[in-house]
There are 6 protein chains.
Amino acid sequence: MTVIQVINPNTSQAMTETIGAAARAVAAPGTEILAVCPSQGVPSIEGHFDEAIAAVGVLEQVRLGKAQGVSGHVIACFGDPGLLAARELASGPVIGIAEAAMHTATLVATRFSIVTTLPRTLVIARHLLQQYGFTHHCAALHAIDLPVLALEDGSGVAQEKVRQRCIQAKREDGSGAIVLGCGGMASLAQELTKELGMPVIDGVSAAVKMVESLVALGFGTSKHGDLDYPIEKPLSGAFQHLN
Amino acid sequence: MTVIQVINPNTSQAMTETIGAAARAVAAPGTEILAVCPSQGVPSIEGHFDEAIAAVGVLEQVRLGKAQGVSGHVIACFGDPGLLAARELASGPVIGIAEAAMHTATLVATRFSIVTTLPRTLVIARHLLQQYGFTHHCAALHAIDLPVLALEDGSGVAQEKVRQRCIQAKREDGSGAIVLGCGGMASLAQELTKELGMPVIDGVSAAVKMVESLVALGFGTSKHGDLDYPIEKPLSGAFQHLN
Amino acid sequence: MTVIQVINPNTSQAMTETIGAAARAVAAPGTEILAVCPSQGVPSIEGHFDEAIAAVGVLEQVRLGKAQGVSGHVIACFGDPGLLAARELASGPVIGIAEAAMHTATLVATRFSIVTTLPRTLVIARHLLQQYGFTHHCAALHAIDLPVLALEDGSGVAQEKVRQRCIQAKREDGSGAIVLGCGGMASLAQELTKELGMPVIDGVSAAVKMVESLVALGFGTSKHGDLDYPIEKPLSGAFQHLN
Amino acid sequence: MTVIQVINPNTSQAMTETIGAAARAVAAPGTEILAVCPSQGVPSIEGHFDEAIAAVGVLEQVRLGKAQGVSGHVIACFGDPGLLAARELASGPVIGIAEAAMHTATLVATRFSIVTTLPRTLVIARHLLQQYGFTHHCAALHAIDLPVLALEDGSGVAQEKVRQRCIQAKREDGSGAIVLGCGGMASLAQELTKELGMPVIDGVSAAVKMVESLVALGFGTSKHGDLDYPIEKPLSGAFQHLN
Amino acid sequence: MTVIQVINPNTSQAMTETIGAAARAVAAPGTEILAVCPSQGVPSIEGHFDEAIAAVGVLEQVRLGKAQGVSGHVIACFGDPGLLAARELASGPVIGIAEAAMHTATLVATRFSIVTTLPRTLVIARHLLQQYGFTHHCAALHAIDLPVLALEDGSGVAQEKVRQRCIQAKREDGSGAIVLGCGGMASLAQELTKELGMPVIDGVSAAVKMVESLVALGFGTSKHGDLDYPIEKPLSGAFQHLN
Amino acid sequence: MTVIQVINPNTSQAMTETIGAAARAVAAPGTEILAVCPSQGVPSIEGHFDEAIAAVGVLEQVRLGKAQGVSGHVIACFGDPGLLAARELASGPVIGIAEAAMHTATLVATRFSIVTTLPRTLVIARHLLQQYGFTHHCAALHAIDLPVLALEDGSGVAQEKVRQRCIQAKREDGSGAIVLGCGGMASLAQELTKELGMPVIDGVSAAVKMVESLVALGFGTSKHGDLDYPIEKPLSGAFQHLN
């Protein structure tokens, strides 16, 4: 039995459910999905400040998941907050959804577009592209200019804006795939893939398959070198629970 | 039922079996592996000339596999010969084993080393690192300076040289994972991973899991844009069978 | 006497003649041009699949040219199909026309534009820019959105589209030179250079001069290292003639 | 009066004092240095996990400093933990000491070397080099292979190891300056600069001058675009004090 | 007493005064500004030819400044002409204004725009971005298409064009700061910063603070390695005064 | 009749003759070589300061050459001093010998090594590699640690050191060609090519062939865009002769 802990780094229960559903929809028969979010933190993640706080929540959850014996972890926010820190803490694989979506896109197309929420988060995507090596594989970045939680307001307005931007990206960017730049967009990928006739990639589902694959291959995070377990030291105050 | 066609681009039956076995060892319960090699071409691939010939064999096999209704394809030679051409031809996903191993390495370590056969093939790996975006993720490239088919001579000499180089890479490179740079090394990965206590990655098994994942996600190769099916035109002579 | 074999990688006789004429127009007094095309293959090259097939035809011709004692080879298709493979096979220099045109452009301008045929071939140019080191020297890539053979249909429509795109590139790109992205455009360069008052570069003629230069300098392809002759091994089936 | 808050992101009082002293030693007459450290967190920072925790402490302190009306902030840990998050939160300038030291090095030499503590932190420096644009300006990275707090144990062993590595770097790297890769090394820079006869750069002092400069120029962190103040949202649990 | 020699590399007295005023406006209490220009050379710098001549004037002035015992030097032309040559000659720090402005911009924003005079100088800025490592930090380059000396004609037309371009850049580029790409624009920065509500950076003032900072830190140009004093050799003709 | 002006940017007559001889040895029958050096300047070029002075001498000579109606220009110093400035001034092509040698090397090998004189000049080569796009094509840089004029002292010591370094580079670098990094080494290339059995490239001869080729193709330096003729303005003092 493979158990994958899918961590929504923000504290929105609605989004945790969206993400969990997307994860379960693609999980292999033998895979159980634990969709969780931090007990404390930020209700949505729309910048570096939010990410810094969310990263601690991710670590809290990775620690809990590890204690529960999960096989691997997914960080289900498009900025991949706390990814390398979580890899140090975990023994199993840890995959960020931006990472998962970007890797996947390069396997099915020569270049991809990104459609995300607020313009201020584009810099986060740009930095990840650079860190992962995909700067030249990204044809264009788009923002719908609505906050993350607009995706959970039930109106469908944000979803329609995402759809319009994807259609525009298909027409103008010269790319072969579209990456959805927010965990809250996970439920849109399948339908948009059909409507547009090209891969529209949600990182949550992509990350679940990557964790499953790494587990099947017998790989956890490498403990040789710079992703080894954190050096033990007494954490103080609100961080004591991470000891 | 997912059927994955694992194409050994050279004509060596022994290596086709090695590769097929590695593929089957990690295939999910519902996955069938078809390990094939071209009907004509080169017995081993150790340079660009060999690759150019092998690429046509890959296309021949992709075409056959597609006719048989396979779900996806693996190109099981570390130079990923014919990868983008095969993607044009295929409707399902096509994954090269260099690509698969390199992507996988970046998910479990911050940097990786490569151990391959002949020094003259290092340039091929360097070009792939650049094309895939992983130049800065590769800490070092090593060659055991033995030809590819030495891996099939039964003496174990080449295997021992690979092992020694991996041990040296672990000690000296400051990397967290090792990528095996030849399809013929596929059977070594699991044991070396155990012995070294760090991920030693074979691209064949990694590629199989990637194809399975993409199929599960509903993604084939994008047919929007530059990986669309080849424009139909009359092929002549020895290439007529590719029409 | 320097004999340069100019290889049109596709099987179009008309294009072979266009290319041969462009080569002869700039050949030095002591240079003889052998314009050839493969005996079998694809009638035009508009993607990676076509290129993979054409590469074998290029190798077939290089082998023949070498037997005839030619001094060097030109690969006259803008994707430079089979370039490194041909360099392994050849003892003399081998120059691709994309390579030749791009190098030339950087010698007369700080940045250049590319005008090619179909949008789907742009990715090939992008990959070559990266491999040759010229990504930052290319200001813009344009496609006229007509197939290669439209250049040989006698209507002049494609030629006029090339001209219009060059004029637009001059006005908008901020570049100092234009590279024509197809062997079939070779005959247009001289006139466009005059009309636009800026270098419009055809790779065929540029490549001929590069081969002449390398021959005069006493350089063939380096046989020290990774471009050494292919390791001898029995080629089978349709590839036996390459043994 | 310019007040610069120098934040030691770990909770070590000894190191906070070392850092504060280094800051005061170069502060201009009109500058007051407030050397602080988080009320809770990690006693030393030697990896991504430690950094993730320290980043929250940095934010806590930036918030306090802002309430006190400080002019700008220095993040005095070589990984620059929380830098972009702190920039969102702050109105004045925020400078990391890795950033400060690297920028400074490029102003007095064409290439520099880095000498840091544990090998596992090298990846953090590499990522910062890439993010700041200085990958090609760094000739070599060295680690003395001692933990950060060895710099505070009073034995001088770590200090001597730093000195030896700097001497070796001068002899072997072909670089013109050395960057000290830990806030705890701040007190060594001046003496090593004299002994080696080349700039040995401590980021704490460099960062103080940068903040002073930006304040004098009238620049805070840009609030136009992606470093604008964090979008207001209710933080929960241990993060409520950051609201 | 810190004496900073601010060198206008062209021979325009009006521009030397503009630059000197900008320098003095930000100089610390203990800093004296010597604003100078070469005794001979070009009246404005608008290309590589102008720069090559201006570079010699810069060296002439650095030599004089050094004889006068100045603490450091600023090269007040946006192409930073003669920067590395001047660093060899000088013992104190030498800062170019393009360098100063670009470095400063990356400290207060994630990406910046450049607004300069003639389109033909954009290539100079592009090369500097590449050399300094900031290619990916520059969101866009703009030229007002007026010559440098239009900034000194008293009509205010050029100044208004700069202002309009800055406003446009703010609206369209997605950058957080604007770099003014000409020493003659120095006087505009402060007002535009206020009007636009984002950092509009003049390199002259930024460079003055950098020299002050380096002097306070005890750093001159590194004389270890490739910026060591020029090897002594007899200069002839018009260059004898540089001996 | 093609007349190529080969400009030795330093004032050494001996080196001008060495360079002229190398140029004549490869010139086509219809090509006349004018080997010149500036009337004033530096006797050898070993750093940025020397280069800045030499650049003016290059411009002086280009101006004279243009008046004499030469077809094109070679800048025969490995730092390519004044290259872009000379391109503005010239109507014909201008080629630097570093540029020529590096381009040539990439046409006959996948990677090359550089062997130059003093270690302090390596940074110049590194910057040119970056500007020309060949950073990743250079496997290693070597310096014999002797000054440029040691090549003209008649003892042969420097020549032997170059030879030893080339042999070492062949053995250790994994590159397929060697670039000689000084105009004064021009006479060594042919013999070393024979002895080492791999291309050892002198930029002087390579540049002559490039100029011949560009002239034959009908290309001068592009006057559209940023290499257009310098904007006319009154040059003063020692620079009046450049008006």
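Residues numbered from 1 in each chain as written. Chains lettered and ligands numbered in written order. Predicted model: local features only at pLDDT ≥ 70, side-chain atom pairs only at ≥ 80, totals over all residues. Heavy atoms only, no water.

By the naming in an unreviewed UniProt entry, chain A goes by Hydantoin racemase and is assigned to Pantoea rodasii. What UniProt states about chain A under its Sequence similarities (unreviewed entry) heading is, verbatim, "Belongs to the HyuE racemase family." (UniProt positions renumbered as here; feature names shortened; annotations may be inferred.)

So, the overall build of chain A
A tally of regular secondary structure across chain A gives eight helices and eight strands. In terms of overall size, chain A behaves like a compact globule, its C-alpha atoms giving a radius of gyration of 17 Å where 243 residues would be expected to give roughly 18 Å. Across its three principal axes, chain A shows a C-alpha extent of roughly 55 × 35 × 35 Å. By the burial criterion, 69% of the 243 residues in chain A qualify as buried. Sequence-distant contacts, at least 24 apart, represent 70% of the contacts inside chain A between residues at least 6 apart. Taken as a whole, chain A presents about 7,400 Å² of accessible surface, with 51% of it coming from carbon and sulfur. When the 16 positive and 22 negative side-chain charges of chain A are each reduced to one mean point, those points stand 4 Å apart. (Helix = DSSP H or I, 4+ residues; strand = E, 2+ residues; numbered from the N terminus. Rg over C-alpha atoms; globule rule 2.2 N^0.38 Å. Buried < 20%, exposed > 50% of the residue type's maximum accessible area, 1.4 Å probe, protein only. Contact = heavy atoms within 4.5 Å. Areas by Shrake-Rupley, 256 points an atom, 1.4 Å probe, with all protein chains shown as cover. Lys, Arg positive; Asp, Glu negative; His and termini not counted. Charge placed at Lys NZ, Arg CZ, Asp CG, Glu CD.)

Observations concerning the relation of the copies chain A and chain D
The two copies are related by a screw motion: chain A maps onto chain D through a turn of 180 degrees and a shift of 0.0 Å along the axis, at an RMSD of 0.0 Å. This pairing of chains is accounted for by a two-fold axis. Nearest to the rotation axis, the C-alpha of Ala238(A) is located 3.0 Å from it, this being the minimum over chain A. Of the interface residues in chain A, 100% have counterparts in chain D that sit at the interface too, so the contact is made through matching surfaces. (Least-squares fit on C-alpha atoms with pLDDT ≥ 70 in both.)

Focus: the arrangement of the chains
Nothing in chain C touches chain D, and the closest approach of their C-alpha atoms is 16 Å. Contact between chain B and chain E is absent, and the least distance between their C-alpha atoms amounts to 16 Å.

Quick word on the sheet that holds strand β1 (residues 2-7) of chain C
Residues and elements named next belong to chain C. With parallel pairing, the four strands of this open sheet are ordered in space as β2-β1-β3-β4. Taken across any chain shown, the strands that pair with only one partner, and hence form the sheet edges, are β2 (31-36) and β4 (94-96). For this sheet, the mean angle separating the axes of adjacent strands, direction not counted, is 20 degrees. Two strands pair when backbone bridges link them, and β1 and strand β3 (residues 72-75) are joined in this way by four bridges, in the parallel orientation. Within the sheet, the bridge partner assigned to Gln-5 lies in β3 and is His-73. Contacting β3 and β4, helix α4 (residues 97-108) runs over the sheet at an angle of about 75 degrees to β4. Where helix α8 (residues 203-217) meets the sheet, its contacts fall on β1, β2, β3 and β4, and the angle it forms with β1 comes to roughly 145 degrees. (Pairing = 2+ DSSP bridges. Axes fitted to C-alpha atoms, helices over the stretch in contact; angles between N-to-C directions.)

What about the interface of chain A and chain D?
Across the boundary between the two partners, chain A contributes 41 residues, which contact 41 residues of chain D. Across the chain A to chain D interface the summed buried area is about 3,600 Å²; carbon plus sulfur atoms make up 64%. For the pair chain A and chain D, the interface holds six salt bridges. Close ionic contact of Glu46(A) with Lys233(D) constitutes a salt bridge, the shortest N to O distance being 2.6 Å. Where chain A touches chain D, the interface holds 19 residue pairs in polar contact (both at pLDDT 80 or more). Those elements giving two or more residues to the side of chain A that touches chain D turn out to be α2 (48-68), α3 (83-89) and α5 (122-132) of chain A. For the side of chain A that touches chain D, the element with the highest residue contribution is α2(A), accounting for seven residues. (Buried area = accessible area lost by both parts, 1.4 Å probe. Salt bridge = Lys/Arg side-chain N within 4 Å of Asp/Glu carboxyl O. Polar contact = N/O pair within 3.5 Å; in protein donor to acceptor, adjacent residues only side chain to side chain.)

A word on the sheet that holds strand β6 (residues 138-143) of chain A
All names here are of chain A. Read from one edge to the other, the open sheet built from four strands follows the order β6-β5-β7-β8, with strand pairing classed as parallel. Looking at strand neighbours, the two that pair on one side only are β6 and β8 (200-201), the edges of this open sheet. Looking at chain direction, strand β5 (residues 112-116) and strand β7 (residues 177-180) are connected through four bridges and run parallel. Counterpart to Val-115 in the pairing with β7 is Leu-180.

Focus: the domain arrangement of chain A
Residue and element names in this part refer to chain A. According to the domain assignment, chain A contains domain 1 (2-96 + 205-239) and domain 2 (98-203). Relative placement of domain 1 and domain 2: their C-alpha centres are 21 Å apart. Facing 27 residues of domain 1, the contacting portion of domain 2 comprises 31 residues. Of the roughly 2,100 Å² buried between domain 1 and domain 2 on both sides combined, carbon and sulfur atoms contribute 62%. It is Met-15, Glu-46 and Phe-78 that lose the most area in domain 1 upon contact with domain 2, and together they represent 36% of the buried surface on that side. At the junction of domain 1 and domain 2, the tally comes to one salt bridge. The partner of Glu-99 in a salt bridge is Arg-87, with the nearest N and O atoms 2.9 Å apart. The interface formed by domain 1 and domain 2 holds 14 residue pairs in polar contact (both at pLDDT 80 or more) in total. Counting residues per element, the ones that place at least two in the side of domain 1 that touches domain 2 are α1 (13-26), α2, α3, β4 (94-96) and α8 (203-217). Broken down by element, the side of domain 1 that touches domain 2 gets its largest block of residues, five residues, from α1. Its residues assigned to classes, the side of domain 1 that touches domain 2 shows 15 nonpolar, eight polar and four charged. (Domains from an automatic or database assignment. Nonpolar A, V, L, I, M, F, W, Y, C, P; charged D, E, K, R; others polar.)

Observations concerning the confidence of the model for chain A
Segments scoring low in pLDDT should not have their predicted coordinates read at a detailed level. Here chain A averages 97 in pLDDT, and 100% of its residues register 70 or above. Here the complex is predicted with pTM 0.98, and the ipTM for its interfaces comes to 0.97. (pLDDT = per-residue confidence, 0-100.)

Quick notes on the packing of α4(C) against helix α4 (residues 97-108) of chain F
Axis separation between α4(C) and α4(F) bottoms out at 12 Å; the angle between their running directions is 170 degrees. When the interaxial angle is binned, α4(C) and α4(F) end up roughly antiparallel. Together, Glu99(C), His103(C), Thr106(C) and Leu107(C) of α4(C) and Glu99(F), His103(F), Thr106(F) and Leu107(F) of α4(F) make up the contact between the two elements. Residues that form the contact of α4(C) with α4(F) fall into these classes: two nonpolar, four polar and two charged. (Parallel < 35°, antiparallel > 145°, perpendicular 65-115°, else oblique.)

Notes on the interface of chain B and chain C
Contact residues are listed per partner, giving 41 residues for chain B and 41 residues for chain C. Taken together, the two surfaces of chain B and chain C that pack against each other cover about 3,600 Å², and 64% of this comes from carbon and sulfur. On the chain B side of the contact with chain C, Phe49(B), Arg120(B) and Lys233(B) bury the most area, a combined 21% of that side's loss. The tally of links from chain B across to chain C stands at six salt bridges. In this structure, the connection of chain B to chain C is made through 19 residue pairs in polar contact (both at pLDDT 80 or more). Broken down by secondary-structure element, the contributors of at least two residues to the side of chain B that touches chain C are α2 (48-67), α3 (83-89) and α5 (122-132) of chain B. When residues of the side of chain B that touches chain C are assigned to their parent elements, the largest contribution, seven residues, is made by α2(B). Residue composition of the side of chain B that touches chain C, grouped by class: 22 nonpolar, twelve polar and seven charged.

Focus: the packing of helix α4 (residues 97-108) of chain A against α5(A)
All names here are of chain A. Packing of α4 against α5 brings their axes to within 11 Å, and their N-to-C directions diverge by 60 degrees. Between α4 and α5, the interaxial angle falls into the category oblique. Relative to α5, α4 is oriented so that their crossing is right-handed. Contacts from Ala-98, Glu-99 and Met-102 in α4 reach Ala-125, Leu-128, Leu-129 and Tyr-132 in α5. Tallied by class, the residues present in the contact of α4 with α5 amount to six nonpolar, no polar and one charged. (Left-handed = near helix turned anticlockwise from the far one by under 90°.)

Side note on the relation of the copies chain B and chain C
Expressed as a screw transformation, the operator carrying chain B onto chain C has a rotation angle of 180 degrees and an axial translation of 0.0 Å, and the superposed copies differ by an RMSD of 0.0 Å. When you check the interface residues of chain B against chain C, 100% turn up at the interface there too, and the contact is symmetric in its surfaces.

Some remarks on the environment of Phe78(E)
Residues and elements named next belong to chain E. With respect to the helices and strands, the residue Phe-78 is situated in the loop between β3 (72-75) and α3 (83-89). Taking the C-alpha atoms as reference, Phe-78 lies 9.1 Å from Ile-45; in sequence the two are 33 residues apart. Other than its neighbours up to four places away in sequence, Phe-78 contacts Ile-97, Ala-98, Ala-101, Met-102, Ile-114, Ala-125, Leu-128, Val-179, Leu-180, Gly-181 and Cys-182.

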